[in-house]
Amino acid sequence: MALLSSPHLRGPNSTAGIMQLVLLATLPGFLALTWFFGAGTFYNILLASVTAVTAEALMLKLRRRPVAFYLKDYSALVTAVLLGLALPPYAPWWIPVVGALSAIIIAKHLYGGLGYNPFNPAMVGYVVLLISFPVEMTQWATPLPLLPEGQSLLGPITALEHIFLETPLDAHSGATPLERFYINQIYQNEPLFTEARWAGAGWEWVNIGFLVGGLFLLYKKVFTWHVPVSMLLSLGILSLFFYEGTYAGGGSPVFHWLSGGIMLGAFFIATDPVTSVASRRGKLIFGAAIGILVYVIRSWSNYPEGVAFAVLLMNFAAPFIDHYTVPRSYGHPKSRQGVGGKG
Amino acid sequence: MRKLWNIPGGIHPPEHKVQSLGQPLASLPLPEELVLPVSQHLGNPAQPVVEVGDTVLRGQLVAEGRDSISANVHASTSGTIVAIEDRPLPHPSGLDGLCIVLKPDGQDQWAQLEACEDYRQEDRRALLERIQAAGVAGLGGAGFPTAAKLRTDQEIRTLIINGTECEPYITADDMLMREQPDEIVQGALLLSYILGEPGEVLVVIEDNKPEAIAAMRDAVVRAADARLEVVVIPTKYPSGGEKQLVQILTGQEVPSGKLPAHLGIVCQNVGTVVAAYRAVRYGEPLIERITTVTGEAFASQRNVRVRLGTPMAFLLKQHGYDPARAASLVMGGPMMGFAILNPDAPVIKTTNCLLAPSRQEAPPPGPAQACIRCGLCAEVCPASLLPQQLYWHARAQDEDKLQSHHLFDCIECGACAYVCPSQIPLVQFYRAAKGEIRRRNEDRQLADRARARFDFRKQRIEEEKEARRLAREAAQAEAQARAAASATIATDRPKPEAAARSAKLLAVAAKAQQNAAANQRSRLERNLLAAEARLEKLQLRLKEIDDASQEGPLLARIKEAELACQAVRDKLAALPSEENETSKEDS
């Protein structure tokens, strides 16, 4: 008979179950990416996943941890899938491989493995790639609506040629809406925008896909609404403030919401519990700060997109936010500012 | 409808209450022996007042509470005391403790009981004494001595009768409310009389007990007292916690470290209320209770009236317990109960449930995975704590952080561990951390006391030394005075000793000063010698080197050494000469 501590009943939750839900929720966004940009994302995910799981197994072995037990938590797979979704389609094969290796080995296991990593592994992998290989990382495939007459998306075989033989994409690549916007500041007559309904052609649907997946996770109570809502709100308010009307100024809130990696970032990256903050109040601050940083980086930095940087910067600040946002608990008049102190 | 407030967090685990309610309330035959622990309650253990070989009657006092935070223990049947010794206790520690072992004679003969027809004729203090004499302690699970809880000097405005029973599996209070609703109501009125007639008396029941609610409502109608009200609250674990109940009913929170009485509220479990009522009305001590025997490892699951002291093994046998099927044997509910290691332990005042789930019902938890800080625990915590942070700090043994995250406000309800996807035994960590902090505080207190003792001793020794010195001086002065007096008589010379002593003192002081000056001089001379030697050595090296690049630094060092020599010489020159000193002394 086992000597057990209460409670003697356990609920149905499991870490693997949560991770599986997250994987499932990436499906709409993944489908939109595939519809508008072709099979490139699928290969990214495949390469990143194989690399990540192998690296995870290897690191566990090196750290003398039970390999099968930890692999079953699916966390490496989630990191790989999120990284694969963020990478440009048809990137050379070593891009997802290097990204996944950085994510799993440097960002995760060197810090102690699942639960101990201060930075979101997928975003670390992404930023390592963005800084090291800016050319490869800014070559985005042309979305379906903008392809010249008579041309179709790359077939799966041609895609493999691009990935492994690194044949150039030529007409199949172009700037992302954020880049185009960043260069021109006015996006009136660009087909990238005139072909679109709200933001950038293809991109808006990718973001809507991730939004749908995120709402599903919210419904399943995988995370609370605080981080994504405050992040989208702060980004929306800031963009509204600098918005000067149609096709001019800093871009409308809708443009910002449906461009780049916002929805992926808001619902799948910023909500990563390990690198996020604990309390609700803290989550509101955390999300809002990411939204502000995204706008600042997009508008006034050398990079057209800033979700990865914003999330990593706020990961850095998470313990600090935690320190000052301990919630008021039962029977206490109000939460104490600065947990360590007496005041 | 009464306004109800919501509590943060909480969970809805499967209730599992139906299976133990299928059969009517049963009684058990007498076991071979009854084991009565002297500590069945929260507080100080009782003191045995019988000896081995004594014959006792049912309801006779066998151990007496030492003070107000203690409870009397009575014989649950008539028989002979066969032993007073350490036996296995139903306690999380699994340790043995002092028990009075009673061998029943089968007569089950009552002791003389003192009934009370109308308690309203009695003084409140007398009623409290009757409740205390009957050994009534909280039957909900905590076992706090009831009289102590009722003996409050606060003005009580609300009396809460707790029939919530929010933990899964347990149905003892449900059964009691169905069987004895009128006694609960009478008991509630009695307690309200004792507490100075609070304005409202609320019987609180979760909405998953419709029969109990109906029975209590009927009883309240029969009692015809406007202050009485049956309040039905939504089913949610842990709504039945005292603090949570206060929040649900009043929207107020019991301040940390305070009792509900601080808010003018007293909360009593329905079973306790009945026990208090019977103690006053019939003079009946607390010698039995209703216990739920449930879990799939039992052939029959039901509620039984059990005499306190009945060995659990007897109860298990009576209900067809199959140890091969059982995942564990638990006293209390599945959320807050504790594992019973030795089934020889007896049923005590707080045994509201004996749970033996099968492995399918309560699969043993898998190995704990890493905490991913998902925050599900924080979502369900009824005290609005951050369990994930507490876990983190408990592992790091960061006492300050644990305290500032209010570890001691954790009620150990287990909701966090229930929802944890990584199967981390969170409550176990918190309990261990609390124990560790308590132990460390005790150690600190001991150390403080030891330090205080040491300081005191040191001070005392100093004082004694000082006192001896003063005594010596006084004696000396006295002796001198005597000598001086005799000298005066003899020679009439004015205090020669005193003059001689002052001269001697002056000489000693001058000598010391001279010594100090001499010491300084010799020290400076030594320094000068050393500095000169260093300079010489460096100059020699300058001659030897042939590498021009090293010359620069060496020259710099030589210059430094020269400066050092000069400084010492200056200091020596500044010293007054010995001749001067001596002459000054002489003058």
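If you're wondering where the values come from, they're calculated on a predicted model, not measured in any experiment.

Criteria and thresholds
- Residues numbered from 1 in each chain as written.
- Chains lettered and ligands numbered in written order.
- Predicted model: local features only at pLDDT ≥ 70, side-chain atom pairs only at ≥ 80, totals over all residues.
- Heavy atoms only, no water.
- Helix = DSSP H or I, 4+ residues; strand = E, 2+ residues; numbered from the N terminus.
- Buried < 20%, exposed > 50% of the residue type's maximum accessible area, 1.4 Å probe, protein only.
- Contact = heavy atoms within 4.5 Å.
- Buried area = accessible area lost by both parts, 1.4 Å probe.
- Salt bridge = Lys/Arg side-chain N within 4 Å of Asp/Glu carboxyl O.
- Polar contact = N/O pair within 3.5 Å; in protein donor to acceptor, adjacent residues only side chain to side chain.
- Nonpolar A, V, L, I, M, F, W, Y, C, P; charged D, E, K, R; others polar.
- Patch = residues over 30% accessible without salt bridge, like charges linked within 9 Å, V, L, I, M, F, W, Y side chains within 5 Å.
- Areas by Shrake-Rupley, 256 points an atom, 1.4 Å probe, with all protein chains shown as cover.
- Lys, Arg positive; Asp, Glu negative; His and termini not counted.
- Charge placed at Lys NZ, Arg CZ, Asp CG, Glu CD.
- pLDDT = per-residue confidence, 0-100.
- Disulfide = S-S within 2.5 Å.
- Pairing = 2+ DSSP bridges.
- Core = buried A, V, L, I, M, F, W, Y, C linked by side-chain atoms within 4.5 Å.
- Axes fitted to C-alpha atoms, helices over the stretch in contact; angles between N-to-C directions.
- Phe/Tyr/Trp six-rings, centres within 6.5 Å; stacked < 30°, edge-to-face > 60°.
- Lys NZ or Arg CZ within 6 Å of the ring centre and 35° of its normal.
- Left-handed = near helix turned anticlockwise from the far one by under 90°.

Participant: Which residues make up the side chain of Gln268(B), and what values go with them?
Facilitator: Residues and elements named next belong to chain B. Mapped onto the secondary structure, Gln268 falls in strand 12 (residues 265–269). Using a relative accessible area of 3% as the deciding quantity, one classes Gln268 as buried. With near-sequence residues (within four places) excluded, Gln268 lies in contact with Thr146, Lys149, Leu150, Ile160, Ile161, Asn162, Leu191 and Val273.

Participant: Mind laying out the interface of chain B and chain A, listing which residues take part and the relevant values?
Facilitator: One frequently used descriptor of interface size is the decrease in accessible area upon assembly of the parts. Counting from both sides, the interface comprises 65 residues of chain B and, opposite them, 41 residues of chain A. Between chain B and chain A lies a buried interface of about 4,500 Å² when both sides are counted; carbon and sulfur atoms form 57% of it. Put simply, chain B and chain A have three salt bridges between them. For the salt bridge of Arg373(B) with Asp322(A), the shortest nitrogen-to-oxygen distance reads 3.2 Å. On inspection of chain B and its partner chain A, the count reaches 24 residue pairs in polar contact (both at pLDDT 80 or more). Of all the secondary structure elements, the ones that give two or more residues to the side of chain B that touches chain A are helix 6 (242–250), strand 16 (338–339), helix 9 (376–380), helix 10 (387–396), helix 11 (399–404), helix 12 (415–419) and helix 13 (426–491) of chain B. Grouping the constituent residues of the side of chain B that touches chain A by class yields 37 nonpolar, 19 polar and nine charged.

Participant: Just give me the short version of a positive patch on the surface, but keep the residues and values in it.
Facilitator: Residues and elements named next belong to chain B. A cluster of basic residues, Arg534, Lys537, Arg541 and Arg557, forms a positive patch on the protein surface. Counting residues per element, the positive patch draws most heavily on helix 14 (residues 496–544), which supplies three residues. Looking at the element boundaries, Arg534 is found in helix 14.

Participant: Give me helix 15 (residues 262–269) of chain A: which residues, what numbers.
Facilitator: Most of helix 15 of chain A is tucked away, with eight of its eight residues classed as buried. Along helix 15 of chain A, the residues that are buried comprise Ile262(A), Met263(A), Leu264(A), Gly265(A), Ala266(A), Phe267(A), Phe268(A) and Ile269(A).

Participant: Describe the confidence of the model for chain A, naming the residues involved and giving the relevant values.
Facilitator: Residue and element names in this part refer to chain A. Summary statistics for chain A give a mean pLDDT of 86 and a share of 87% for residues scoring 70 or more. The least confident element of chain A is helix 10 (residues 177–184), whose mean pLDDT is 64; the most confident is helix 6 (residues 94–108), at 96. Scored below 50 in pLDDT, residues 339–343 makes ten contacts in the model with residues more than four places away or belonging to other chains.

Participant: Go over the state of the cysteines with me, naming the residues and quoting the values.
Facilitator: Residue and element names in this part refer to chain B. Across all of its chains, the model carries zero disulfides over all chains by this definition. Free of any disulfide, Cys374 has its nearest neighbouring cysteine sulfur in Cys377, separated by 5.9 Å. We note that Cys420 lacks a disulfide partner, and the nearest cysteine sulfur, in Cys374, lies 6.4 Å from it. Take Cys420: its relative accessible area is 11%, and that puts it in the buried class.

Participant: Run through the sheet that holds strand 3 (residues 47–48) of chain B, naming residues and quoting values.
Facilitator: All names here are of chain B. Strands sit in the order 3-5-6 across an open sheet of three strands; the sheet is antiparallel. The outermost strands of the open sheet, each flanked by one partner alone, are strand 3 and strand 6 (73–74). Strand direction decides the pairing type here: strand 3 and strand 5 (residues 61–64), joined by two bridges, are antiparallel. Bridge pairing links Pro48 to Ala63 in strand 5.

Participant: How would you explain the pattern of salt bridges if you had to name every residue and give the values?
Facilitator: Residues and elements named next belong to chain B. This structure, assessed with the given rule, holds 39 salt bridges over all chains. The salt bridge partner of Arg2 is Glu229, with a shortest N-O separation of 3.8 Å. Taken as a pair, Arg2 in the segment before strand 1 (26–27) and Glu229 in strand 11 (residues 228–233) lie far apart in primary sequence, 227 residues in all. A residue is classified by how much of its surface remains accessible, and Glu229, at 30% relative accessible area, is partly exposed. The partner of Glu206 in a salt bridge is Lys209, and the shortest N-O contact between them spans 3.9 Å.

Participant: So what's going on with the pairing of strand 10 (residues 200–206) of chain B? Residues and values would help.
Facilitator: All names here are of chain B. Among the seven residues that make up strand 10, six are buried, leaving the element largely enclosed by the rest of the structure. Pairing between strand 9 (residues 158–163) and strand 10: six bridges, direction parallel. Its bridge partner lying in strand 10, Ile161 is registered against Val203.

Participant: Report on the environment of Ala485(B), specifying residues and quantitative values.
Facilitator: All names here are of chain B. Mapping Ala485 onto the fold places it in helix 13. Ala485 gets classed as partly exposed once you look at its relative accessible area, which sits at 39%. Put simply, Ala485 and Gln445 are 40 residues apart on the chain and 58 Å apart in space, counted from C-alpha to C-alpha.

Participant: Please provide a residue-by-residue account of a negative patch on the surface, values included.
Facilitator: A contiguous patch of negative charge on the surface is contributed by Asp118(B), Glu122(B), Asp123(B) and Glu129(B). Mapped onto the secondary structure, Glu122(B) falls in the loop between strand 8 (96–104) and helix 1 (124–133).

Participant: Residues and numbers for the nonpolar core, please.
Facilitator: The biggest cluster of nonpolar side chains holds 158 residues, and the ones touching the most others in it are Leu85(A), Tyr126(A), Phe268(A), Phe286(A), Ile290(A), Ile131(B) and Ile161(B). The dominant element in this core, judged by the number of residues it contributes, is helix 17 (residues 307–324) of chain A, at nine residues. With sequence-adjacent residues up to four places away left out, Phe268(A) is seen in contact with Val22(A), Ala25(A), Thr26(A), Leu82(A), Phe210(A), Gly213(A), Gly214(A), Leu217(A) and Met263(A). Of all hydrophobic cores here, the second largest spans 35 residues; its members include Val246(B), Cys377(B), Ile424(B) and Ala433(B).

Participant: Describe in detail the sheet that holds strand 10 of chain B, supporting the description with residues and values.
Facilitator: Residue and element names in this part refer to chain B. Strand order in the open sheet made by the four strands is 11-10-9-12, with parallel pairing throughout. One side of each edge strand has no neighbouring strand; the edge strands of this open sheet are strand 11 and strand 12. With direction set aside, neighbouring strand axes in the sheet form an average angle of 25°. Bridge analysis of strand 9 against strand 12 gives five bridges, and the strand direction is parallel. Paired with Asn162 across the bridge in strand 12 is Asn269.

Participant: Got a sec to walk through the packing of aromatic side chains? Specific residues and values, please.
Facilitator: Scanning the entire structure with this criterion turns up 21 aromatic pairs over all chains. Measuring from centroid to centroid gives 4.9 Å for Trp94(A) and Phe133(A), while their planes differ by 70°, and the two rings are edge-to-face. Remark: Phe133(A) occurs in the loop between helix 7 (121–132) and helix 8 (134–137) and Trp94(A) occurs in helix 6; sequence separation between them is 39 residues. Note on Phe241(A) and Phe242(A): the rings are 5.1 Å apart at their centroids and 85° apart in plane angle, and the pair reads as edge-to-face. Phe242(A) sits in the partly exposed class, given a relative accessible area of 32%. In this structure, Lys3(B) is placed above the aromatic ring of Trp5(B), and the distance from its NZ or CZ to the ring centre is 4.7 Å.

Participant: Describe helix 1 (residues 15–25) of chain A, listing the residues and the values that go with them.
Facilitator: For helix 1 of chain A, the full list of buried residues reads Thr15(A), Ala16(A), Ile18(A), Met19(A), Val22(A), Leu23(A) and Ala25(A). Close packing links the buried residues of helix 1 of chain A with helix 2 (27–37), helix 5 (75–86), helix 12 (203–219) and helix 15 of chain A together with helix 9 of chain B.

Participant: Provide a residue-level description of the pairing of strand 13 (residues 288–294) of chain B, including the pertinent values.
Facilitator: Residues and elements named next belong to chain B. Most of strand 13 sits out of view: six of its seven residues are buried. Note: strand 13 against strand 14 (residues 302–307), six bridges, orientation antiparallel. Following the sheet pairing, Val293 is matched in strand 14 by Arg302. Summarising the sheet, strand 13 and strand 17 (residues 353–355) pair through three bridges and their orientation is parallel. Of the residues in strand 17, the one forming a bridge with Thr292 is Cys353.

Participant: Outline the packing of helix 3 (residues 172–179) of chain B against helix 5 (residues 210–223) of chain B, supporting the account with residue identities and numerical values.
Facilitator: Residues and elements named next belong to chain B. Axis separation between helix 3 and helix 5 bottoms out at 8 Å; the angle between their running directions is 35°. When you trace helix 3 past helix 5, the crossing you get is left-handed. Seen from helix 3, the contacting residues are Asp174, Met177 and Arg178; seen from helix 5, they are Glu211, Ala212, Ala215 and Met216. Split into classes, the residues belonging to the contact of helix 3 with helix 5 amount to four nonpolar, no polar and three charged.

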